[in-house]
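Chains, contacts and geometry: an overview
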Amino acid sequence: MASTATSVTAQVQGGGSGIDRFIVATALLGFALLGGLIWLETAPFMAVLFLIGGLLGVALYHGAFGFTGGWRRFVVERRSAGLRAQLALLALATVLFVPVLAGAEAGSMTGALAPVGVSLVLGSFLFGLGMQLGGGCGSGTLFTVGAGNIRMVLTLVFFIVGSVVGTFHLPWWLDQPGSDPVNLSISLSPVGAIGVQLAVIAALTAWITHLERRHHGDMERKVFVGPGPGQGWLQTFFTGQWPLIWAVVVLALGNLAILLLSGHPWGITFAFGLWGAKVLQAVGVDMAQFEFWTWDYPALALRDSVLVNVTSVTNFGVFLGAMLAAGLANKYNKASAGRIPPRSLLAAILGGLLMGYGARLGFGCNIGALFSGIASASLHGWVWFAAAWVGSLMGIRLRPFFNLSNR
């Protein structure tokens, strides 16, 4: 079975005329009803966060912006467009975030900072392994489910299961060897942090570009430029495929907007654990027996409605945004046609469990730990990147056993 990222790319690039009116109407109705409830139950800024999540979902879908496929394509084919786009995203976010966080009043906002230790390394390794088996990362799972991918629904369900189990074990893992969070803006100064991170990103970009040129004799550029042949800018915006640079800009600015409105950068996976915990609580499980759910923020989130939880609200927006984008492009659910092999279903289950558990131990996924962590100049974001890459390499090797193509 083709990878989720590949199939979504094929959806976006493929044919299809007009729009899927039912899906578009469903997505717009979802935005109206859920947005109205959020507005009434909370504050207007939460409704704005919901809409920002929707725009992020559109960008993820139309940019086919999956970390999983970009990493695998570089490893297997030595094509680096997806990986270069991710590095460009990290560079732009660094330039945007570090000055804002450095200039913020004490207590008004915080970056995505986390300890560096056994929990982080193991968690990010497991996440990298799981995302290759599951077929998507944290954001990839969410937006492909929104776009109608049936297999990814299974991945998401077990992502939630793994996240809840991870909350049970996290306190024990935090007692293992590790250090306090390292904020490079404090260790090096904001200017120094920006300079060091941009230098690392430039070196990585030069290295992967060199490998691509050596392997192919050229560098893939088409996905970084404007609309494809026969497409106008407006048509491309609504039906895809977006040039990757469009997605980079929208994702970076969207994350910055979330930081400014909520006081914390974009995250995804805390909500998965919260949703699972709420289900367990609803069926009579006393969540107070688990230490994680007695900590201030998790306990508060568990008591409150999900409509006042920033991560949940932006996740709902991402889901509906991807659905709207797929409907406008008339490509909803076409990646899921046909029978899914049993081994592929098993990989979806294992991948979801590993990603959920790994994200909790690793303080987030490719968004909350990697993207927001590095944008915040937190050392843990770079450690997450390295350990998840190693796990991803193992996952790529295991994919053929589960009837998953690496091409």
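Preceding this section is the structure that the text describes.
Our subject in this report is the structure included herewith.

Reading guide: rules and limits
Residues numbered from 1 in each chain as written. Predicted model: local features only at pLDDT ≥ 70, side-chain atom pairs only at ≥ 80, totals over all residues. Heavy atoms only, no water. Axes fitted to C-alpha atoms, helices over the stretch in contact; angles between N-to-C directions. Helix = DSSP H or I, 4+ residues; strand = E, 2+ residues; numbered from the N terminus. Parallel < 35°, antiparallel > 145°, perpendicular 65-115°, else oblique. Contact = heavy atoms within 4.5 Å. Nonpolar A, V, L, I, M, F, W, Y, C, P; charged D, E, K, R; others polar. Phe/Tyr/Trp six-rings, centres within 6.5 Å; stacked < 30°, edge-to-face > 60°. Buried < 20%, exposed > 50% of the residue type's maximum accessible area, 1.4 Å probe, protein only. Core = buried A, V, L, I, M, F, W, Y, C linked by side-chain atoms within 4.5 Å. Expected span 1.5 Å × (residues − 1). Disulfide = S-S within 2.5 Å. 1 Å grid on protein atoms, 1.4 Å probe; cavity = no way out; pocket = protein on both sides within 12 Å on 5 of 7 lines; lining within 4 Å. Points joined across faces, edges and corners; volume = space filled by probe spheres on them. Salt bridge = Lys/Arg side-chain N within 4 Å of Asp/Glu carboxyl O. Left-handed = near helix turned anticlockwise from the far one by under 90°. Polar contact = N/O pair within 3.5 Å; in protein donor to acceptor, adjacent residues only side chain to side chain. Patch = residues over 30% accessible without salt bridge, like charges linked within 9 Å, V, L, I, M, F, W, Y side chains within 5 Å. Areas by Shrake-Rupley, 256 points an atom, 1.4 Å probe, with all protein chains shown as cover.

1. What to know about the packing of helix α4 (residues 67-77) against helix α5 (residues 81-103)
- Packing of α4 against α5 brings their axes to within 7 Å, and their N-to-C directions diverge by 125°. The pairing of α4 with α5 is recorded here as oblique in orientation. Contacts from F67, G70, W71 and F74 of α4 reach α5 at G82, L83, Q86 and L89.
- Split by residue class, the contact of α4 with α5 holds 5 nonpolar, 3 polar and no charged.

2. Examining the packing of aromatic side chains
- Scanning all chains against the criterion turns up 21 aromatic pairs.
- Aromatic side chains W71 and W389 sit 5.1 Å apart centroid to centroid with 45° between the ring planes, which places their arrangement in the tilted category. Of the two residues, W71 is situated in helix α4 and W389 in helix α18 (residues 379-398); the sequence distance between them amounts to 318 residues. Both residues of the pair, W71 and W389, belong to the buried class.

3. With respect to helix α7 (residues 138-146)
- Taken across its 9 residues, α7 has 9 buried, putting it largely inside the fold.
- Backbone geometry just after α7 places G148 at a positive phi near 100°.

4. Observations concerning the nonpolar core
- Ranked by size, the top nonpolar core spans 88 residues in total, and within it F65, W71, F127, W266 and F385 carry the most contacts.
- Every residue in contact with F65, bar those within four places of it in the chain, is listed here: L60, A85, Q86, L89, F143, L244, A247, V248 and L251.

5. Some words on unusual backbone geometry
- Phi angles above zero are rare outside glycine, and A64 is one such case at about 45°.
- Residue placement: A64 occurs in the loop between α3 (44-62) and α4.
- Notably, F363 is not glycine yet its phi reads approximately 65°, a positive angle.
- Among the structural elements, F363 can be located in the loop between α16 (342-361) and α17 (366-375).

6. Some points on helix α6 (residues 118-134)
- With 17 residues, α6 should reach 24 Å at 1.5 Å per residue; the first-to-last C-alpha distance of 24 Å fits that figure.
- With 13 of 17 residues buried, α6 is to be regarded as a mostly interior element.
- Just downstream of α6 lies G135, where phi reads positive at about 95°.

7. Brief notes about the side chain of S119
- Turning to its location among the elements, S119 is positioned in helix α6.
- Every residue in contact with S119, bar those within four places of it in the chain, is listed here: L170, W173, L174, L361, G362 and F363.

8. Describing the state of the cysteines
- Scanning the model with the defined rule gives 0 disulfides in all.
- In this structure C137 is a free cysteine whose sulfur lies 7.0 Å from that of C365, the closest cysteine sulfur available.
- The exposure class assigned to C137 is buried, which follows from its relative accessible area of 0%.

9. Focus on the layout of surface pockets
- Each pocket or cavity is described by its volume, and for the largest pocket that value is around 850 Å³.
- Where the lining of the largest pocket is concerned, the elements lending two or more residues are α8 (150-174), α12 (244-262), α13 (269-282), α14 (296-303) and α15 (310-328).
- A per-element tally of the lining of the largest pocket places α14 first, with 4 residues.
- Counted by class, the lining of the largest pocket contains 20 nonpolar, 10 polar and 2 charged residues.

10. Side note on the pattern of salt bridges
- Enumeration according to the criterion identifies 5 salt bridges in this entry.
- Across the pair R73 and E220 runs a salt bridge whose closest N-O atoms are separated by 2.8 Å. Of this pair, R73 sits in helix α4 while E220 sits in the loop between α10 (190-216) and α11 (233-239), placing them 147 residues apart in sequence.
- Classification of E220 by relative accessible area gives buried; the value is 11%.
- A salt bridge links R84 to E212; its shortest N-O distance comes to 3.7 Å. Taken as a pair, R84 in helix α5 and E212 in helix α10 lie far apart in primary sequence, 128 residues in all. E212 shares its class with R84; the two are buried.
- A cluster of three or more residues bridged by salt bridges with shared partners is formed by R79, R84, E212 and D218.

11. Some thoughts on the packing of α17 against α18
- Running from N to C, α17 and α18 cross one another at 130°; their axes reach a closest spacing of 7 Å. Here α17 lies oblique to α18, going by the angle between them. α18 is crossed by α17, and the crossing has left-handed handedness. Across the interface between the two elements, N366, A369, L370, G373 and I374 of α17 pack against H380, G381, W382, W384 and F385 of α18.

12. Some thoughts on the side chain of N366
- Topologically, N366 is positioned in helix α17.
- Residue classification places N366 among the buried positions, given a relative accessible area of 1%.
- Looking at N366, its side chain comes within polar contact range of the side chain of S139, at 3.1 Å.
- Apart from residues no more than four positions distant in its own chain, N366 is found in contact with F67, F127, C137, G138, S139, F371 and W384.

13. Section: a nonpolar patch on the surface
- Judged by side-chain polarity, V153, V157, V161, V165, L346, L350 and L353 come together as a nonpolar surface patch covering roughly 460 Å² of accessible area.
- Of all the secondary structure elements, the ones that give two or more residues to the nonpolar patch are α8 and α16.
- Counting residues per element, the nonpolar patch draws most heavily on α8, which supplies 4 residues.
- On the secondary structure map, V165 appears in helix α8.
- Classification of V165 as partly exposed rests on a relative accessible area of 30%.

These results come straight from atomic positions and should not be treated as a statement about function.
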